[in-house]
Amino acid sequence: MSYLDTTYDVYKEAALTPDVGLCCTTNPIWELPGLKIPKIMQEMNYGCGSTVHARDLSNNPKMLYVGVGGGMELLQFAYFNREKGGVIGIDMVDEMLEASRKNFVEAEAANPWFKSDFVTLKKGDALNLPVEDNTVEVAAQNCLFNIFKAEDLKKAIEEMYRVLKPHGKLVMSDPTCEQPMNDELRNDSRLRALCLSGSLPIAEYVKALTDAGFGTIEIRARKPYRILDPKNYPTEELIYIESIEVAAIKDPMPEDGPCIFTGKAAIYYGDEPFFDDKLGHILLKNQPLAICDKTAAALQSLGRDDIYFSESTFHYDGGGCC
């Protein structure tokens, strides 16, 4: 049985018997005016963060969510869209799709503005999405892609890139790990399905996105997630796993490489009102400017003594240099 078969079985079981501890989101449940999330959706929130960001969802974008869980984030997306078929949810597990349909009935009863037909549920595979090219403005997945091994991860990201319109956003939350894991952990299909042993270092995760063609990457959050300890897992050392929230934007790839925002900023404090590097970056005096890692390296190479550079915070919320 392949690791994907194991994953199917884990989430079939989680659909039939909700497992609150299967994944543990590090975000509080959204509280928005007029939005009430049924308890069953919260119990089936099998994610490790949030993919719902208001600034991504203006002007009623067409949205795609892969790996529906109990439907909570689909409901949250629909809150911002409120159009028939405005949100597409895709899952391979029939039982999870059926559970989401039932949960939407509860959501309708609790939310006068919500109609189940705001969300179109489809059976489908992240490696072969049943969605046409260049038709989606926001695509999302939460704690799914970390399960995939390298070749399948490559295919899943390429599929998201394919269905997105130019300048569309792929918004994701996944566990990451900077420590090496042994082969026993990496090859444990159940631990992969539980969103643990497939965790990649952030640099590898980002490279997989840029290799697919995404020209802009935003790391929006980085938070504690899990511990693999020697008492309970086949490891001789304590392994610390984090979750990150990332947006990959289908911008054209710049000639000098992708713009990757990891939360760095530059502050000019020289004698002039501003500093202009003549490459499109203007730093106003004593006003921090969020910069991508590429711009940070270029500015640092100038060797100036009147620009301060912060370290990566792994939190970026827009307003940057590019």
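We now turn to the structure provided with this report. Residue indices follow the written sequence of each chain, beginning from 1 at its first position. Restriction of local features to residues with pLDDT of at least 70 applies here, the model being predicted, together with a cutoff of 80 or more for giving and counting side-chain atom pairs; totals for whole chains, interfaces and linings are based on all residues. Note: side-chain values were computed over all heavy atoms of the structure, leaving out hydrogens and water.

1. A few points about the overall build of the protein
Summing up its helical and strand segments, the protein has 9 helices and 13 strands in all. Each radius of gyration reported is based on C-alpha atoms, and the globular scaling rule is 2.2 Å times the count of residues to the power 0.38. Its C-alpha radius of gyration of 21 Å places the protein within 12% of the 20 Å reference for a compact globule of 322 residues. If you line up the protein on its principal axes, its C-alpha atoms span 65 × 50 × 35 Å. Summary of the burial criterion: residues with accessible area below 20% of their type's maximum are buried, those above 50% are exposed, and those between are partly exposed, where the area comes from a 1.4 Å probe applied to protein chains only. For the protein, the proportion of its 322 residues judged to be buried stands at 54%. Should any heavy atoms of two residues lie within 4.5 Å, those residues are counted as being in contact. Excluding contacts between residues fewer than 6 apart, the proportion of contacts in the protein whose partners are at least 24 apart in sequence is 75%. Note that accessible areas follow from Shrake-Rupley with a 1.4 Å probe, and for residues the cover is restricted to the protein chains shown. For the protein, the exposed area adds up to about 14800 Å²; of that, 52% sits on carbon and sulfur atoms. Of note, the protein has its 33 positive side-chain charges centred 5 Å away from the centre of its 49 negative side-chain charges. Think of it this way: any DSSP run of H or I at least four residues long counts as a helix, any run of E at least two long counts as a strand, and we number them from the N terminus. Just so you know, the count uses Lys and Arg for positive and Asp and Glu for negative, and it drops His and the chain ends. Taken as the charge location is NZ of Lys, CZ of Arg, CG of Asp or CD of Glu.

2. A short note on the sheet that holds strand 3 (residues 119-123)
Paired strands, as defined in this entry, are two strands with at least two bridges between them according to DSSP. Pairing is mixed across the open sheet formed by 8 strands, whose spatial order is 3-2-1-4-5-7-6-8. Either end of the sheet is taken by a strand with one partner, and the two such strands are strand 3 and strand 8 (259-261). Strand after strand, the sheet turns through a mean of 20 degrees between neighbouring axes, direction not considered. Across 6 bridges, the pairing between strand 4 (residues 136-142) and strand 5 (residues 164-176) is parallel. Considered in strand 5, the bridge of V136 is made with L164. Docked against the sheet, helix 4 (residues 94-110) engages strand 2 (87-91) and strand 3, running at close to 165 degrees with respect to strand 3. The strands touched by helix 8 (residues 202-211) within the sheet are strand 4, strand 5, strand 6 (216-228), strand 7 (239-249) and strand 8, with strand 6 carrying the most contacts at an inclination of about 140 degrees. Only the contacting stretch of a helix is used when fitting its axis, a line to C-alpha atoms as for every element, and angles between N-to-C directions run 0 to 180 degrees.

3. Digging into the pairing of strand 7
Summarising burial for strand 7: 10 of the 11 residues are buried, a large majority. For strand 6 and strand 7, the ladder comprises 11 bridges, and the chain directions are antiparallel. Looking at strand 7, one finds that R222 is bridged to I244.

4. Concerning the pattern of salt bridges
The salt bridge criterion pairs a side-chain nitrogen of Lys or Arg with a carboxyl oxygen of Asp or Glu, the two atoms within 4 Å. Counted according to the given criterion, the structure contains 17 salt bridges. Residue D94 pairs with K123 through a salt bridge whose shortest N-O separation is 3.1 Å. Taken together, the residues span a long stretch of sequence, with D94 in helix 4 and K123 in strand 3 at a distance of 29 residues. Judged by its relative accessible area of 36%, D94 is partly exposed. The closest approach of N and O atoms between K155 and E159, which form a salt bridge, is 4.0 Å. Linking K155 with E159, this pair stays in helix 5 (residues 150-163), spanning 4 residues, or about one helical turn. Sharing partners across several salt bridges, the network here consists of R55, D56, K169, E218, R220 and D317.

5. A closer look at the sheet that holds strand 13 (residues 307-309)
Judged by pairing direction, the sheet is antiparallel, and its 3 strands sit side by side in the order 12-9-13 without closing on themselves. Whereas interior strands pair on both sides, the edge strands pair on one side only; in this sheet they are strand 12 (289-291) and strand 13. Averaged over all neighbouring strand pairs, the angle between strand axes comes to 30 degrees, with direction disregarded.

6. Regarding helix 9 (residues 293-300)
The complete set of buried residues in helix 9 reads T295, A296 and L299. Each buried residue of helix 9 lies within a common arc of 105 degrees when the element is viewed along its axis, so the set occupies one face. Read the arc as the range of directions from the helix axis to the C-beta atoms.

Honestly, that's just the spatial picture; any functional story needs more than this.
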